[in-house]
Amino acid sequence: MGRFEGKVAVVTGAGAGIGKACALAIAREGGRVVVADIDGSAAIACTAQIAAEAGHALALAMDIADAQAVAALFETAERHFGGVDLLVNNASAMHLTPRDRAILELDLAVWDQTMATNLRGTLLCCRQAIPRMIARGGGAIVNMSSCQGLSGDTALTSYAASKAAMNMLSASLATQYGHAQIRCNAVAPGLIMTERLLAKLDECMQRHLRRHQLLPRAGRPEDVAALVAFLLSDDAAFITGQVVCIDGGMLAHVPTYADGGNSRAARPAGDTAEAAVAPRC
């Protein structure tokens, strides 16, 4: 038996990337999964893959920024599968990130729309899930944060603020409903090569970003899904209220790490502070 036999999970933003990997991981361990995504065709494709592997899933096209749509999502999960035990809040307004600039250049509509999806949408899903989890004796929630919510950047102001707020939302939920046997943790991915990110980053920029990791490769959606599955499972029964980074060590070192840190040890040829000023192609 898998770790999620008899469990019902709702995964938002599950049509592709990390969300899809999470849905597949839960289904492969016996969970029944509601695959929710704003892209209905992507949600259907994910459920088809789950069905092909003898899993059980239901696709639903919806926007988590819409309170009525969120209510309908959880009502459907309860009607179709009998309740909700697990929730992965992965949906995010990634389509807005190209317009998410520094504070003085930021269109406030981008800020408002980002918060409506990333933060308010996560809250709406939690508010629908919690009573249903209480009715079933408890549950587990994982909110998909980001390393952007733990460090400053020259852009992505709205996205970073929404993810930082999500970390505190996760801690608040864990504090308020722990005695009801509901656990909540946030996961903060770093450089994870989803289909969307692969389309945006050329090889030059990928190498530039990897220089700041401690591990030599970029992350994969399956890496994040393995962590999420652990946090949702009884293997993590005493873990709650945490923000867990999965970033290959990107945030674990001094800022000068990629330039040799404080070490006088020889660097690889061409790996100099001067060369680090701009991405090296």
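Residues numbered from 1 in each chain as written. Predicted model: local features only at pLDDT ≥ 70, side-chain atom pairs only at ≥ 80, totals over all residues. Heavy atoms only, no water.

Looking at an unreviewed UniProt entry, the protein chain carries the name SDR family oxidoreductase, with the source organism given as Sinorhizobium numidicum. The Sequence similarities (unreviewed entry) comment attached to the protein chain in UniProt states, word for word, "Belongs to the short-chain dehydrogenases/reductases (SDR) family." (UniProt positions renumbered as here; feature names shortened; annotations may be inferred.)

*Asks:* Where do I start with unusual backbone geometry in this structure?
*Replies:* Working note: non-glycine residues mostly have negative phi, and peptide bonds are mostly trans. A positive phi angle is found at Ala 54, which is not glycine, with a value near 70°. With a phi close to 65°, Gln 181 is a non-glycine residue in the positive phi region. Relative to the elements of secondary structure, Gln 181 occurs in the loop between helix H5 (157-177) and strand E6 (182-189). Look at Gln 181 and you get exposed, because its relative accessible area is 55%. (Helix = DSSP H or I, 4+ residues; strand = E, 2+ residues; numbered from the N terminus. Buried < 20%, exposed > 50% of the residue type's maximum accessible area, 1.4 Å probe, protein only.)

*Asks:* Looking at this structure, I do not really get H5. What am I missing?
*Replies:* Since the α-helix advances by 3.6 residues per turn, residues separated by three or four positions end up pointing in the same direction. In this model, H5 (21 residues) spans 30 Å end to end at C-alpha, consistent with the 30 Å of a helix rising 1.5 Å per residue. Buried within H5 are the following residues: Thr 157, Ser 158, Tyr 159, Ala 160, Ser 162, Lys 163, Met 166, Asn 167, Leu 169, Ser 170, Leu 173 and Ala 174. Buried-residue contacts for H5 involve helix H4 (108-135), strand E5 (139-144), E6 and strand E7 (243-246). (Expected span 1.5 Å × (residues − 1). Contact = heavy atoms within 4.5 Å.)

*Asks:* Help me out: how do you make sense of helix H7 (residues 203-210) in this one?
*Replies:* Buried residues of H7: Cys 204, Gln 206 and His 208, and no others. Along its buried surface, H7 packs onto helix H6 (195-200).

*Asks:* Please clarify how the confidence of the model for the protein chain should be interpreted in this entry.
*Replies:* Detailed reading of the predicted model is not advised wherever pLDDT is low. Of all residues in the protein chain, 93% have pLDDT values of 70 or greater, and the mean over the chain is 93. Mean pLDDT across the elements of the protein chain ranges from a minimum in H6, with 84, to a maximum in strand E4 (residues 86-89), with 99. Scored below 50 in pLDDT, residues 272-277 makes six contacts in the model with residues more than four places away or belonging to other chains. (pLDDT = per-residue confidence, 0-100.)

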